[in-house]
Amino acid sequence: MKNIYFFVFCLLIGFIINSCYDKTSHKIKVYHNGNILTMKGEEPSYARAIEVRDNTIMKVAYTEEDEKSLVNNVYAEIVDLKGKTLMPSFIDAHSHMVRFAQSLTTVDLTGSTNMLEIAQRITNYIEVNKLKPDAWVVGFGYDNNLLPGKKNPDRDDLDKISTTHPIFITHASGHVGAMNSKALEEFGVNENTPDIPGGVIARYPNSRKPTGYMEEAAFMHYAQSIKFSFTDKDLMNFINQAEDVYLGYGITTAQDALISTAEFPLINNMITNNRFRIDVIGFIDLKNSYSLAKTNSDMIGNYSNRFKIGGYKIFLDGSPQAKTAWLEQPYVSGPARYRGYGIYSNSDVEKFVETALHDKVQLQAHCNGDAAADQYINAFSNVMIKRNTTNNYRAVLVHSQIIREEQYTSMSNLNIIPSIFVAHVYYWGDVHLANLGMERASQISASKTALNNNLAFTYHQDTPVIKPNMLETIWCAVNRITRDGVLLGENQKVTPYEALKAITINAAYQNKEEDIKGTIEEGKLADLVILSDNPLTCDPMTIKDIEVLETIKEGKTLYTKKK
């Protein structure tokens, strides 16, 4: 009998210990009384409550009885959503975190409508920051389409601002820009500087003298050579400030989609000092920094303090708003028969594809125009046939602006994922109308065509080109309205739910993380966002006005909207 009493006593003590362990060692939260949108399945589904334990979604309640069971847990913190919407947090499918962090240190030229305004912003920056007379001044975000005559600035314009400060400014697209004479001098760019393949060093008529304006590979060559005068601590702080912006838009997984040997030391410092707070997936510049993949192979597909290498990145053309995207048919404005231009030969692109398939990693290719898309699609088709494989490791065609219907069919056949910069419709839709004509412009960012071809397309903002405002992107996809109020491609509209999939479960799939992210399911990470309204039931025209109230990364609140 004594043994029985002792056995019961041990069971009781064990129960008490386990109960206390749950209460003190595990953080348990139960969310209920709101629109809990799971993003699971082809049609919208809602849960009544969820239980988050530490960093994981442990239970999802779909019935009133199960909801009561979760809410009655005396060890849980109960969160009353009060009718707000809880859903999986947003996943960035393509951006440039380091460049965005650097842009926070530069002159913001966004929205400038003339050179006087650009000059005033640069001058104010110099004065406020008390820059030394020879210090570099870097600006970002001007758009020639907003300037008189749609003319890009050149050295003559920038020399009027300063001849002692080297000045370097970048177009909103990130693909073209200009510098003054002092910057050209610092870089050693002059009449004898050779042209750079895949880019343009603009020169004065009947002369080899550079105008200061550059495009694509030439521009990027010098942009990556600018030395920012900040300490390692400063740069890590800028990365954290950039993370704050992503979190404010409900994003808990972001990308740095072009990592070079110049940028990797900063990323490595972030890893070593455990400074990343959201997950960051990097893509190595395959053309110029392939060695990084070899020296950091342990990080390919594996997180190290919230950073991992997702694969490789290449550029195949430029930007349609700057008219450097490579098209099959000419632009309707500008020089006759001008179609933009590619960057590599077909054989070069096939070699890039060979490398990615050999290394068994995802390859992302910047393709805005249909000629660039043809080159990418054909390269994969040829190499996959040659290698007798159907596995391309979830290759991605990034931006997908001017893509023909049959190209989406080919992408579907080859399992190439289109990541669509759908906010082009609003930000540059009117420019595309002028450059492409209505027939082609109305079919940019062809989400519906991608959907009809059973493609798990994703959306992105290419930050820092525009802010990583996911709900604005959803608004663009659903309504397709330009700045001037033109409805651009009624046939390419998608539903709010279809659009939301592009920034949740589809983006998780693109990142090869669909087993842990993208939906509210038991066992997945508790990466969540709370919204002020339900994007599925509000007026579609007000989706962009929905506020992100709280962003949760693995059960921990990292952003709360200030009241």
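Keep in mind it's a predicted model, so treat the numbers as computed, not measured.

(A) Representation of the overall build of the protein chain in the model. In terms of helices and strands, the protein chain carries 19 helices and 22 strands. In terms of its C-alpha atoms, the protein chain occupies a principal-axis envelope of roughly 105 × 55 × 50 Å. Pairs at least 24 apart in sequence give 71% of the contacts found in the protein chain among residues at least 6 apart. For the protein chain, the accessible area works out to roughly 23800 Å², and carbon and sulfur atoms hold 51% of it. In the protein chain, which carries 57 positive and 65 negative side-chain charges, the distance between the mean positions of the two groups comes to 3 Å.

(B) Structural view of the packing of aromatic side chains. Overall, the coordinates contain 16 aromatic pairs when judged by the stated rule. Their ring planes at 50° and their centres at 5.2 Å tell us that tryptophan 136 and phenylalanine 187 sit as a pair that is tilted. Here the residue tryptophan 136 occupies a position in the loop between α4 (115-128) and β8 (137-142), and phenylalanine 187 occupies one in helix α6 (residues 181-187), the gap between them amounting to 51 residues. Seen from their ring centres, phenylalanine 168 and phenylalanine 219 are 5.4 Å apart, and the 25° between their planes marks the pair as stacked. Here phenylalanine 168 is found in strand β9 (residues 167-171), whereas its partner phenylalanine 219 is found in helix α7 (residues 216-223), with 51 residues between them in sequence.

(C) Seen up close, the layout of surface pockets. For the largest pocket, the calculated volume is near 810 Å³. Those elements that provide at least two residues to the lining of the largest pocket are α3 (97-103), β8, β9, α7, α8 (232-248), α9 (264-272) and β15 (307-315). Per-element tally for the lining of the largest pocket: the top contributor is α3, with 4 residues. Among the residues making up the lining of the largest pocket, the classes are represented as 18 nonpolar, 16 polar and 6 charged. Each of two domains, domain 2 (106-225) and domain 3 (233-517), supplies a minimum of three residues to the lining of the largest pocket.

(D) Structural view of the domain arrangement of the protein chain. Partitioning the protein chain into structural domains gives domain 1 (25-89 + 518-562), domain 2 (106-225) and domain 3 (233-517). If you average the C-alpha positions of domain 2 and of domain 3, the two centres end up 26 Å apart. Between domain 2 and domain 3, the contact holds 17 residues from the first and 17 residues from the second. Between domain 2 and domain 3, the buried area comes to about 1300 Å², and carbon and sulfur atoms account for 60% of it. Contact with domain 3 buries surface across domain 2, with His175, Glu216 and Gln224 losing the most and accounting together for 29% of the total. Here domain 2 is connected to domain 3 by 0 salt bridges. Counting across the domain 2 and domain 3 interface gives 4 residue pairs in polar contact (both at pLDDT 80 or more).

(E) Region of the structure containing empty space enclosed by the protein. Tallied over the entire structure, the rule returns 2 cavities of 30 Å³ or more. Here the largest cavity defines a volume of roughly 60 Å³. Forming the walls of the largest cavity are Ser173, His175, Ser319, Gln321, His366, Asn368, His399, Phe421, His424, Asp462 and Val465. Split by residue class, the lining of the largest cavity holds 2 nonpolar, 8 polar and 1 charged. Of the volumes computed, that of the second largest cavity is approximately 30 Å³. Lining the second largest cavity, in full, are Met97, Val98, Ile239, Asp256, Ile267, Phe276 and Val280. Its residues assigned to classes, the lining of the second largest cavity shows 6 nonpolar, no polar and 1 charged.

(F) Layout of the pattern of salt bridges. Inspection of the entire model under this criterion finds 33 salt bridges. A salt bridge links glutamate 185 to lysine 182; the nearest nitrogen and oxygen atoms lie 3.5 Å apart. One end of the pair is glutamate 185 and the other is lysine 182, both in helix α6 and 3 residues apart, which spans about a single turn. According to the relative accessible area criterion, glutamate 185 is exposed, its value standing at 54%. The salt bridge involving arginine 404 is made with aspartate 374; its shortest N-O contact spans 3.1 Å. Of the two residues, arginine 404 sits in the loop between β17 (396-399) and α13 (405-414) while aspartate 374 sits in helix α12 (residues 370-387), which places them 30 residues apart along the sequence. The class for arginine 404 is partly exposed, based on a relative accessible area of 26%. Assessed through its relative accessible area of 17%, aspartate 374 is described here as buried. Residues joined by salt bridges that share partners form a network here, namely Asp279, Arg306, Lys308, Glu513, Lys517, Asp527, Lys553 and Glu554.

Cut-offs applied
Each chain carries its own residue numbering, running from 1 in the written order of its sequence. Thresholds applied to this predicted model are a pLDDT of at least 70 for local features of residues and 80 or more for the giving and counting of side-chain atom pairs; totals over whole chains, interfaces and linings are not thresholded and use all residues. Hydrogens and water molecules were not included; the side-chain quantities draw on all heavy atoms of the structure. Secondary structure elements are defined from DSSP: runs of H or I of at least 4 residues count as helices, runs of E of at least 2 residues count as strands, and each element is numbered from the N terminus. Here a residue-residue contact requires only that any non-hydrogen atoms of the pair lie within 4.5 Å. Areas reported as accessible are Shrake-Rupley estimates using a 1.4 Å probe. Residue values count occlusion only from the protein chains shown. By the counting scheme adopted, Arg and Lys are positive, Glu and Asp are negative, and His together with the chain ends is not counted. Every charge is mapped onto a representative atom, which is NZ of Lys, CZ of Arg, CG of Asp or CD of Glu. Any two of the Phe, Tyr and Trp rings considered here, Trp counted by its six-membered ring, make a pair once their centres fall within 6.5 Å; the pair's planes then place it as stacked at under 30 degrees, edge-to-face at over 60, or tilted in between. Put simply, the grid is 1 Å and covers the protein atoms alone, a cavity is a trapped set of points that fit a 1.4 Å probe, a pocket is an open set with protein on both sides within 12 Å along at least five of seven lines, and lining residues have an atom within 4 Å of a point. Grid points are joined across faces, edges and corners, and a volume is the space filled by probe spheres set on the points. When residues are sorted by character, Ala, Val, Leu, Ile, Met, Phe, Trp, Tyr, Cys and Pro go into the nonpolar class, Asp, Glu, Lys and Arg into the charged class, and all the rest, Gly among them, into the polar class. All domain edges in this entry derive from an automatic or database-based domain assignment. Summed over both partners, the accessible surface that disappears when two parts come together, traced with a 1.4 Å probe, is what is meant by buried area. One side-chain nitrogen of Lys or Arg within 4 Å of one carboxyl oxygen of Asp or Glu is enough to make a salt bridge. In the analysis that follows, any N or O atom pair within 3.5 Å is treated as a polar contact, provided that within protein one partner can donate a hydrogen and the other can accept it, and provided that, for residues neighboring in sequence, both atoms belong to side chains. The classification of residues rests on relative accessible area computed with a 1.4 Å probe and restricted to protein chains. Under 20% of the type maximum is buried, over 50% is exposed, and intermediate values are partly exposed.

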